[in-house]
Amino acid sequence: MSEHNEIDRVSGRSTTGHEWDGIKELNTPLPRWWVLTFYATIIWAIGYWVVYPAWPLVSGYTTGLFQYSTRASVATDLADLEKLRGEKMAVLGNASLADIEKDPALLALARARGRTVFADNCAPCHGSGGAGTKGYPNLNDDDWLWGGSLDQIMQTIQFGARSGHAKTHEGQMLAFGRDGVLKKDEIVTVANYVRSLSGLSTAPKFDPAAGKKLFTENCTSCHGDNGKGNPELGAPNLTDQIWLYGSDEETLVETITNGRAGVMPAWVGRLDPVTVKALAVYVHSLGGGK
Amino acid sequence: MNKPVSPDELITDEDGPLYAPRKKVFPQSVSGRFRSIKWRLMAVCLGVYYLLPFVRWHRGLGAPDQAVLIDFPNRRFYFFFIELWPQEIYYFTGLLVLAALALFLMNALGGRIWCGYLCPQTVWTDLFYAVERLVEGDRRAQMKADAGPMTAKRAGRRALKHAIWLMIAWWTGGAWVLYFADAPTLVRDLATFQAPAIAYVWIAMLTASTYLLAGYMREQVCVYMCPWPRIQAALTDEWALNVTYKYDRGEPRCSVKKAFDIRSLGEKAGDCIDCNQCVAVCPTGIDIRDGAQLGCIQCGLCIDACDAVMTKVSRETGLIGYDNDINVQRRVAGKQEIFKPVRARTVVYASLITVVCAVMLYALMSRTLLDVNVLHDRNPIAVRLSDGAIRNGYTLRFLNKRGFDRVIAIDVDGPADAKLHVIGADSVTPDRPMIVLGRDTTTELRVLVTAPFDEKAEKSVPVTFRVTDIGLGEIASATDHFVLP
């Protein structure tokens, strides 16, 4: 490289002729193995361009000799995985809901499958742990609007509530205020009465007798004579401590005035039957249903 | 402090480059006390390594019948009567600590016993040397052939040597994989090319490494690659026995005849006749007379060589022997030699070994074959039920390390009036849930604990899950917390 022929006195080797503050640089070429390795990597890179997709073009890319595609290999892997799962899922599909909960191995499989499906599909509304939030039921407790048995849970997952599906749960909380059925002060009285059903405090000037009368006239057809609710209609139990939208007077007045009609979508067309089954088992195992 | 030096006075290093080409070592065969010890230890080490996988151990139905087996697919490790699970990997930590301490103790007592007699590198290199001498002749023949031209006869011998080396290396790699699967089955599968590809890959890798390390790298592994010579330098002391040339007795070196003349004049002559036998037999090619050095693996072969020569020239044996610095100084000063195997260092190592052994033995004896772990639900951490009660969810993992199925009952101690519900438990016994644990497996279950809400109660109460084997009465428990929302 260097045409400099100066020889370093101490080491007896030629220098590059570069000098900094009296210090001269020895001419120490790279070892041959290193240089050869470097050339080999260049040749390797050229081979790589030929064999694998490498160059981006204006409307595509060079595809390489074997049309290798990571996307295609992922698809293959996923197909293999599905095949592998197929056998296990078939066992799950053939077992009845009750049998699954009795067999620890099947239960574990169903819960594992259910957990992932729940996270993908249900968590946006019900929360990642199924703890719910205002308007979206907590799936860990023992209060189930449409029933908490395995079959009932599966029914709800399949067809939803007010989802528009032919077999969906129907049930409407009427808008007593908006539709002019009850007046403002009557609504406040009913709200206080409902609070008293579950042992909550009532407003000072609240008249229990008037409340009971209004409740009997307007609410018992759905919520029952004693306010215990009716899973057939999705009518909540008003005597317990669980309130989907809240139990304070203001919220109750809002509920009675405008009604409530939360929607749970039907999953029957979106998830395959075995997955729905696994999901039902998983949800049931969250709180053991009722 | 330092006085400035003018550039002309600077001393330049005239040693040349830092790299020196390797000098080929042709160790000569030798016989004697240490050689025979080495042969015997080699036989024991190799015998154990090659044959151990074939030792059977009956464990009952469904469990492997191999005495020593590392079962990766099922995540079990079998060592005779011990069966270890992955979470018990700390036993291996104990074993490693023990191995390190044993190495320290050995070193404090007799120097690099490990290097000279037991290290795999030494054992296999020694074996390869033996093969080499068998095929290509002893030191002289080899050196002569090495200096001369390549003849057909020589090429044939070399080919034979490499073939035998490769066979040993291949057998070494083959024995290794037998520790990871049922040995007789794997041998059959390997022979019929039915074995998993990974087995062949490992055999190939270990064949290559054995062949290269024992056949080509030899003493260079000890000198350049192995960290132990560096570490042991920090562990040794003036009391440790090392292979030592007793220079106080050997120097000045002179021929037998000259020594005879000097002695006849009544003066002292050195015993070393400078025959170089100690250098010729050394597997690492060093001169022990240069004193303690990194390359010395203290195998004692030079002792055998020197003793043979000393006997021949009618001098006392032991010119080279296991000795320490203290005794050299004492002899020079005309004092009695002393050896002190019991001293602070060895006592500390020995007691540490005893302590670790005792701890491990206790842990092994008291280890439970039924275990339970608990994991509290994080989301939601607590649930309020319709009647106001509080419920916490947990995941319990049961470990049944016995070789048979068993029925366990689950009890809970926690907040007052706590009720337990196990999802998937037999509904016949709702008050005391029972489940069947499969043999040698883990079982995971979800359990719910419900307790009435008490406003005055603390936010968090310990809760203990107790697992009882109905048949054997074995008990295991795990503790977590019951929390209020």
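Quantities reported herein were computed from a predicted structural model and do not represent experimental measurements.

A.B. asks: Which parts of the structure should I look at to understand the overall build of chain A?
C.D. replies: Helix and strand content of chain A: 11 helices and 4 strands. Its C-alpha atoms give chain A a radius of gyration of 36 Å, more than 25% over the compact-globule value 19 Å for 290 residues. The principal-axis extent of the C-alpha atoms belonging to chain A is close to 115 × 55 × 45 Å. Chain A carries 27 positive and 32 negative side-chain charges, and their two centres are separated by 2 Å.

A.B. asks: What is the right way to look at the pattern of salt bridges in this model?
C.D. replies: Two side chains that carry opposite charge are able to pair once their charged atoms sit near each other. All names here are of chain B. Within the structure shown, the criterion is met by 34 salt bridges over all chains. With its nearest N and O atoms 3.3 Å apart, the salt bridge here joins R76 to D440. Of this pair, R76 sits in strand 2 (residues 76-79) while D440 is found in the loop between strand 11 (434-437) and strand 12 (441-451), placing the two residues 364 residues apart along the sequence. Given a relative accessible area of 10%, R76 falls into the buried group. For K401, the salt bridge goes to E88, with nearest N and O atoms at 2.9 Å.

A.B. asks: Please explain the side chain of D307 of chain B as it appears in this structure.
C.D. replies: In this structure, D307 of chain B sits in helix 14 (residues 301-312). Despite its burial, D307 of chain B pairs with no opposite charge, the nearest such side chain being R33 of chain B at 5.2 Å.

A.B. asks: Just checking my understanding: could you explain the pairing of strand 6 (residues 370-376) of chain B for this structure?
C.D. replies: Successive residues of a regular strand alternate their side chains across the two faces of the sheet. Residues and elements named next belong to chain B. Residues of strand 6 alternate between two faces, with L370, V372, V374 and H376 buried on one and D371, N373 and L375 left unburied on the opposite face. Relative to strand 8 (residues 390-400), strand 6 runs antiparallel, the two being bridged by 7 bridges. Opposite L375, over in strand 8, you have T395 as the bridge partner.

A.B. asks: Is there a simple way to explain helix 6 (residues 150-159) of chain A in this structure?
C.D. replies: One turn of the α-helix equals 3.6 residues, which is why residues spaced by three or four share an orientation. Every buried residue of helix 6 of chain A is listed here: L150, I153, M154, T156, I157 and F159 of chain A. G160 of chain A lies just past helix 6 of chain A and shows a positive phi near 75°.

A.B. asks: I'm lost on the sheet that holds strand 13 (residues 460-469) of chain B in this one. Help?
C.D. replies: Backbone-to-backbone hydrogen bonds pair the strands of a sheet. The strands run either parallel or antiparallel. Residue and element names in this part refer to chain B. Taken together, 4 strands build an open sheet; the order of strands is 11-9-13-14 and the sheet is antiparallel. One side of each edge strand has no neighbouring strand; the edge strands of this open sheet are strand 11 and strand 14 (475-483). Across this sheet, the average inter-strand angle for adjacent strands is 30°, counted without regard to direction.

A.B. asks: Hey, could you run me through the nonpolar core in this one?
C.D. replies: When a protein is soluble and globular, its nonpolar side chains tend to lie buried together. Within the largest apolar cluster, 58 residues are counted, with the highest numbers of intra-cluster contacts made by F398 and F465 of chain B. Of all the elements, helix 11 (residues 273-287) of chain A adds the most residues to this core, at 9 residues. For F398 of chain B, the residues in contact, after removing those within four places along its chain, are D371, V372, I408, I410, I435, L437, T441, T442, T443, L445 and V467 of chain B. With 34 residues, the next largest nonpolar core counts F34, L101, C282 and C299 of chain B among its residues.

Calculation rules
- Residues numbered from 1 in each chain as written.
- Chains lettered and ligands numbered in written order.
- Predicted model: local features only at pLDDT ≥ 70, side-chain atom pairs only at ≥ 80, totals over all residues.
- Heavy atoms only, no water.
- Helix = DSSP H or I, 4+ residues; strand = E, 2+ residues; numbered from the N terminus.
- Rg over C-alpha atoms; globule rule 2.2 N^0.38 Å.
- Lys, Arg positive; Asp, Glu negative; His and termini not counted.
- Charge placed at Lys NZ, Arg CZ, Asp CG, Glu CD.
- Salt bridge = Lys/Arg side-chain N within 4 Å of Asp/Glu carboxyl O.
- Buried < 20%, exposed > 50% of the residue type's maximum accessible area, 1.4 Å probe, protein only.
- Pairing = 2+ DSSP bridges.
- Axes fitted to C-alpha atoms, helices over the stretch in contact; angles between N-to-C directions.
- Core = buried A, V, L, I, M, F, W, Y, C linked by side-chain atoms within 4.5 Å.
- Contact = heavy atoms within 4.5 Å.

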